Each structure stands twice: as structure tokens, then as C-alpha cells.
Amino acid sequence: QTLLEESGGGSVQAGGSLRLSCKLSGFAATARYMGWFRQSPGKAREGVAALFDRDSSQYYADSVKGRFTIVHDDPEDTLYLQMNDLTAEDSAVYYCAAGVFSTSWSTRPPNTPGDYNYWGQGTQVIVSS
């Protein structure tokens with residue numbers, strides 16, 4: 001069974017917006033942190049946003065800071081990524097992820113793939129110029 005189900009990807013014009021959704025299954029209660037990653041052809045998977053420290057701390061990659069917002073909806077057990085002012089450089093497959101490791105992330109945020117142990121299948125985002 002899929003643990004994280006992503007949706008919301010698609011095609012959008014530059015300057016437009018998309019909201020990605022990731023429905024978390026029963027392990028959500030044990031997840032200590034969650035985030036969004038993206039990967040485009042020829043590039044490594046990179047962290048774009050993360051939510052940690054009891055959802056009180058947020059991380060954003062410099063390339064998306066001020067444009068993307070990560071939100072976790074507790075009643076719906078759903079993770080969102082609001083993406084505004086999209087550019088062609090934002091085109092990628094986006095993955096949601098959750099982790100249960102005990103690291104407190106006191107020195108750095110969970111912004112690398114190795115920090116996570118649960119992954120969604122990915123949703124394609126295409127931004128046209």
C-alpha cells in the first residue's frame with residue numbers, strides 16, 4: 001500500500017501557481033518531520049521545503065524561498081506545497097517525504113534525501129515559458 005499519495009501536479013504557465021498535495025497514511029502519527037523534494041533530468045534530487053520540530057520550523061531552499069509554502073493539515077493528515085510565481089526552473093518531478101528518525105535537526109534541517117524513509121511516487125510539474 002502506498003504510504004504517501006501525491007496529487008496536484010500538472011502544466012502551468014510561468015508566473016502561475018500550483019498546489020501539491022500529499023496524503024499521509026497511518027504512519028503520519030509517528031512522522032517527526034516531512035518535506036518536499038524535486039528532481040529533473042540530469043540533476044540530483046534536491047530538497048525544496050521541510051517542516052520539522054513539531055511543525056514549528058520550516059526550511060526552504062534559496063531558490064524557492066518567498067515563493068513556496070509548506071503546510072501540514074493535521075485533521076486531514078495531508079501535506080501541501082503551495083507554489084507561486086513558478087518559473088521554468090521549477091519544472092521537475094516533485095516528491096513528498098516523511099521521516100521517523102529521531103534526529104532533532106538542531107544543527108540543520110532535514111533537507112537531504114537520506115534524511116527520509118517514506119516517499120511518495122512523485123508528481124510531474126511542468127512550467128512553460
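Residue numbers restart at each chain and count upward from 1, following the sequence in its written direction. With the structure being a predicted model, the display of local features is reserved for residues of pLDDT at least 70 and the display and counting of side-chain atom pairs for 80 or more, all residues being used for whole-chain, interface and lining totals. Hydrogens and water are ignored here; the side-chain numbers use all heavy atoms of the structure.

**Focus on the overall build of the protein**
Then, in step 1: To qualify as a helix, a DSSP run of H or I must reach at least 4 residues; to qualify as a strand, a run of E must reach at least 2; elements of each kind are numbered from the N terminus. Of regular secondary structure, the protein possesses zero helices and 11 strands.
Then, in step 2: Atoms considered for the radius of gyration are the C-alpha atoms alone. The globule rule reads 2.2 Å times the number of residues to the power 0.38. Against the compact-globule benchmark of 14 Å for 129 residues, the protein has a radius of gyration of 14 Å, which places it among compact chains.
Then, in step 3: Whether two residues are in contact is decided by their heavy atoms, any of which lying within 4.5 Å being enough. When contacts within the protein are restricted to residue pairs at least 6 apart in sequence, those whose partners lie at least 24 apart make up 59%.
Then, in step 4: When the accessible surface of the protein is totalled, it reaches about 6,700 Å², and 45% of it is carbon and sulfur.
Then, in step 5: Here the protein contributes 10 positively and 14 negatively charged side chains, and the mean placements of these two sets differ by 4 Å. Under the convention used here, a 1.4 Å probe and the Shrake-Rupley method define accessible areas, while residue burial counts only the protein chains that appear. A positive count includes Lys and Arg, and a negative count includes Asp and Glu. His and the chain ends are not counted in either. The atoms used to mark charge sites are NZ of Lys, CZ of Arg, CG of Asp and CD of Glu.

**Considerations on the pattern of salt bridges**
It is possible for side chains of opposite charge to pair when their charged atoms get near one another.
Then, in step 1: Salt bridge, as used here, is a side-chain nitrogen of Lys or Arg placed within 4 Å of a carboxyl oxygen of Asp or Glu. Going through the model one piece at a time under the given rule, you end up with five salt bridges.
Then, in step 2: Here Asp90 makes a salt bridge to Arg38, at a shortest N to O gap of 2.9 Å. Residue Asp90 is located in the loop between strand S8 (78-83) and strand S9 (92-99), and its partner Arg38 is located in strand S4 (residues 33-39); the two are separated by 52 residues in the primary sequence.
Then, in step 3: For Asp90, a relative accessible area of 1% corresponds to the buried category.
Then, in step 4: Only protein chains enter the area calculation, which uses a 1.4 Å probe; residues under 20% of their type maximum are buried, those over 50% are exposed, and those in between are partly exposed. Take Arg38: its relative accessible area is 5%, and that puts it in the buried class.

**Focus on the packing of aromatic side chains**
Then, in step 1: Aromatic rings from Phe, Tyr and Trp, taking only the six-membered ring of Trp, are treated as a pair when their centres fall within 6.5 Å; an angle between ring planes under 30 degrees marks them as stacked, one over 60 as edge-to-face, and anything in between as tilted. Applying the stated criterion across every chain, the model contains five aromatic pairs.
Then, in step 2: One aromatic cluster is present, formed by Tyr33, Phe37, Trp105, Tyr116 and Trp119 through successive ring pairs.
Then, in step 3: Taking NZ or CZ as reference, Arg45 lies 3.8 Å from the ring centre of Tyr95, over its face.
Then, in step 4: Whether a charge sits over a ring comes down to the Lys NZ or Arg CZ being within 6 Å of the ring centre and within 35 degrees of the ring normal. Stacked on the ring of Trp119, the Lys or Arg Arg45 has its end atom at 4.9 Å from the ring centre.

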